[in-house]
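Results of the structural survey
Here are the chains, one letter per residue:
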Amino acid sequence: MLQSQSLVSTQEEASETGLSRRHFLKGSVAGIVISMTLPMAGMKQALAAGNTQTDANAFVRIAADNTVTVLIKHIEFGQGTFTGLATLVAEELDADWSQIRAEHAPANVKLYANLFFGLQGTGGSSSIANSYQTMRQAGAKAKQILLQAAAAKWNVPMSSLKVKNGVIFGANGKRAQFGELVELAATLPVPKAEPVLKSPEQFTLIGTDVPKLDSPAKSSGQANYTQDVFKDNMVVAVIARPPAFGAKVKAVNADAALASPGVEAVKTIDAGVVVYANSTFNAIKGRRALQVEWDYSNAETRSSTELFRDFNAKLATPGKTASTRGSVAKAASSALNTVEFEFNFPYLAHAPMEPLDAVIQLHRESQNKKVTAWFGSQIPTTDQAAIAKVFGITPEQVDIQTQLAGGSFGLRAQQDSGLAIEAAQATKAFANQPGKAETPVKLVYTREDDIQGGRYRPMSVHKMKGYLGENGALLGWEHDIAIQSIVANSAFSGLIQNGIDATSVEGAHNQPYSVPNLDVRLHDMITGVPVLWWRSVGHTHTGYAVETVIDVLLQRAEQDPIAGRLALLKAHPREAGVLKALDRLQQQAGPVPAGRARGIAMVKSFGSYVAQMAEVSKGSDGKPQVHKIWCTVDCGLVVNRNVVTAQIEGGIGYGLDAILHGEVTLGEGGKVEQSNFHNYTIMRINEMPDIQVELVKSAEAPSGVGEIGTPPVGPAVANAWRRLTGELVTTLPFDKALEKDVS
Amino acid sequence: MTIKLTVNGQPRVVNVSDDTPLLWVIRDELKLTGTKFGCGMAMCGACTVHVNGQPQRSCVLPAGAAQNLNITTIEAVEADQEQGGREAAVIKAAWQELDVPQCGYCQSGQIMSAIGVLKAHPKPTDDDIDNGMSGNACRCATYVRIRKAIHLAAEKLEA
């Protein structure tokens, strides 16, 4: 999602203030809370109030019943943050895995910021990378507190004690479980010394396959999502949105909707017209009876055909330079061959299994307003501020209870906090009615709302030229991209440097292959279609373009796809490393079966390196059948191999689905033509290839995992398809490209 | 109107219009939230329940038509040994052992369908699995592990 911009880390704050006072919860479950980042000012205030309960929640809570709860500052939506971050704590704490629990941390940017972002949020495949040290330190500090208590209890030096699997051992058979020490620990000052973290050879949990904390609940229907939040007196809301993006409400006839069973109100907000009812079905039914007239004067009414035409036309005009070296003009004039490419990438929906939803309630306690929001907030800091603004209160008055989410793939990380604002406005509008001030409102999206609701992976057109010399030597490379900025005019516009939105060109402006003359240019497009980051963002299209082009050029030069790439990666050892590992897998895989072909691709994204080989045949429908994907991954130190492998499998599946089928198109008047899974085709189990993943051993710091499996699969399949059929696919999805071939 | 249903072996009475999909009765009226909403048109399988022991998509079954039928949801599917309870327990255990779920939202439906596959094919082939499970979408693409878990459950049931 986002490239890293290191800001002052909260760790630095903690070491400056030192933790020299006691922190404990008074009168509640006898547990100790380990604060890593309590700023001095806040602590003074807390103590001055005679209140021993700190305002600063923390990362580790140990209870008298011996459970260790890790507060997770990154939302869990399937990528394994609960398990991963808890593992880091459990390792340094020397806890037993069975006593570990995880829950979402509250919204509090001072304590729970993503250290790469400077605000609290999940994305950019950064959860482990930015938390690796912090969570380990939290676990180590918690262990110090317990050791100190045991030492005090047994009157022995701390250095004489050992810890293993949640038990502290002293001399002469003395032992104590964590829970037994909590009450005493809470009365002692926090040890000042910085604990020494383990070295990797000492790891007993990190690097293994600890079972996932959320698997039991998710395997028995017990896991709760925003959809499953029910509050007393709650109403359910659905929004009637305009048929074209940017159209506004002109007139509403709510008579039939209000007469529909269970409907309680109809209100207009920025996003459209809200229908509130006493149940989800009644809200959906009520909305069907709603009559809305729309004002299209500021709407995006172009069709996809017209948009692609406009994007194409823009490429003929000068663009902004994203990167340049040498002289492409010289390369062009001395080239023996010039190969040109044009790629067309469609809008893509995220379509997580749980459509967007949020429950918001306004509380009025003696004129003091407070808002609670239950939803899968992926960027709590900006969502909190956006909700606060709607209600005219401060962010501190907004309590976000982050829920498990049924998938995101980027959809829940909204740079404009769109969902949070819709839900807040919907709640506020209902609450303004007499006697309804504290009604909780659950906003839900139907699948149609989801597929047609915008926030798509941006469409784009790429034009590329490869200039070849003798024996196909790659002399020069030109790459022009026409695409809409994801972050312009948003809280994340800082990602635009020198007029270039980093998310538009990542993977293209810094493509790793050594070519002496290179120009990469961005052509900013503006449309009324809302766009958003979609699993691996810019790499979803630049990866396909770069890896297809390099493969074609190497083939023309009669180079082996792996050896040829390696020859151009002399300055990039980790890229080369995953390709060499893939080569070994290719050797092991033996000869290609008749009727099939293999294709290679390698993409570095989010700090990690991935190479893939796809084995493809032509199905009876004339379309690719993908039998197997071999995948090598260098993501630095691996916290949980099983979780990483699952993320790679998932990323491959997500990427393959999009390449084969994914497409949102706008028809006449800018109306989205797809609406549900009958016409927004998604991949099913029968299309899922076998997958073999090899995690390259690495002692480097952990780098991104969640998104990295996605970029290489498209080009790997395309390269295999081209080698099988001779057909170069440059318009996606394959369903569209091969339409003409299907009899 | 008053609708009488048998859900998880219990008689339940709800007051909804008879065109209300069973899914919403289960979720909004009975507060059994293990069964999920994904599409509303039987294209994703997240809403799969058992009707007289057979997997059905509850989002397209009107409450009025669900009267006089035995409805079982994920919460209680193990209890009825006759109607797939034995398969259910083993499947849930296999799902946990292989850490099948990622976001987990589709998995109740996947499990309910998988029970149907194993009841019909105690030693399922990959084709049996494809045919029985292709109505259950998973955007996290946990398909590789779903397949493995069904095979693992079949082995355990055979033992």
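Residues numbered from 1 in each chain as written. Chains lettered and ligands numbered in written order. Predicted model: local features only at pLDDT ≥ 70, side-chain atom pairs only at ≥ 80, totals over all residues. Heavy atoms only, no water.

The subject of this paragraph is the interface of chain B and chain A. Facing 49 residues of chain B, the contacting portion of chain A comprises 59 residues. Between chain B and chain A, the buried area comes to about 4400 Å², and carbon and sulfur atoms account for 57% of it. Our enumeration of links across chain B and chain A arrives at 5 salt bridges. Its salt-bridge partner being D19 of chain B, residue K285 of chain A comes within 3.0 Å of it at the nearest N-O pair. Joining chain B to chain A, the criterion identifies 27 residue pairs in polar contact (both at pLDDT 80 or more). Counting residues per element, the ones that place at least two in the side of chain B that touches chain A are α1 (22-29), α3 (81-97), α4 (107-120), α5 (126-133) and α6 (143-158) of chain B. Among the elements that take part in the side of chain B that touches chain A, α6 of chain B stands out by supplying 5 residues, more than any other. Taken together, the residues of the side of chain B that touches chain A sort by class into 23 nonpolar, 13 polar and 13 charged. (Contact = heavy atoms within 4.5 Å. Buried area = accessible area lost by both parts, 1.4 Å probe. Salt bridge = Lys/Arg side-chain N within 4 Å of Asp/Glu carboxyl O. Polar contact = N/O pair within 3.5 Å; in protein donor to acceptor, adjacent residues only side chain to side chain. Helix = DSSP H or I, 4+ residues; strand = E, 2+ residues; numbered from the N terminus. Nonpolar A, V, L, I, M, F, W, Y, C, P; charged D, E, K, R; others polar.)

Let us look at the environment of S58 of chain B. Residue and element names in this part refer to chain B. Within the secondary structure layout, S58 lies in the loop between β4 (54-57) and α2 (63-66). It is 9.3 Å that separates the C-alpha atoms of S58 and F37, two residues lying 21 residues apart in sequence. With residues up to four places along the chain from it excluded, the contact list for S58 reads P21, L22, L23, I26, T35, C47 and V49.

Attention now moves to the sheet that holds strand β1 (residues 2-7) of chain B. Residues and elements named next belong to chain B. Strand order across the open sheet formed by 5 strands is β2-β1-β5-β3-β4, with mixed pairing between neighbours. The sheet is open, and its two edges are formed by β2 (10-15) and β4, each paired on a single side. Adjacent strand axes in the sheet meet at a mean angle of 45°, parallel and antiparallel pairs treated alike. Looking at chain direction, strand β3 (residues 48-51) and β4 are connected through 4 bridges and run antiparallel. Each bridged residue has a counterpart across the sheet, and for V51 the counterpart in β4 is Q54. Sitting on the sheet, α4 touches β3, β4 and β5 (70-72), and the angle it makes with β3 is about 45°. (Pairing = 2+ DSSP bridges. Axes fitted to C-alpha atoms, helices over the stretch in contact; angles between N-to-C directions.)

To continue, consider the pattern of salt bridges. All names here are of chain A. Per the counting criterion, the structure on display carries 43 salt bridges over all chains. Residues D310 and R309 are paired through a salt bridge, measuring 3.0 Å at the closest nitrogen-oxygen approach. Via salt bridges that share partners, R241, R287, E422, D449 and R455 belong to a single interconnected network.

Glancing now at the sheet that holds strand β5 (residues 162-164) of chain A. Residue and element names in this part refer to chain A. Read across the open sheet, the 3 strands follow the order β5-β6-β7; overall the sheet is antiparallel. Whereas interior strands pair on both sides, the edge strands pair on one side only; in this sheet they are β5 and β7 (175-177). For this sheet, the mean inter-axis angle between neighbouring strands, taken without regard to orientation, is 25°. Looking at chain direction, strand β6 (residues 167-169) and β7 are connected through 3 bridges and run antiparallel. Residue pairing across strands places I168 opposite A176, the latter belonging to β7. Strands in contact with helix α6 (residues 178-185) are β5, β6 and β7; relative to β7, the strand with the most contacts, it is inclined by about 85°.

Moving on: the confidence of the model for chain B. Model confidence for chain B is summarised by a mean pLDDT of 96, while 99% of its residues fall at 70 or above. For this predicted complex, the interface score ipTM comes out at 0.98, alongside a pTM of 0.93. (pLDDT = per-residue confidence, 0-100.)

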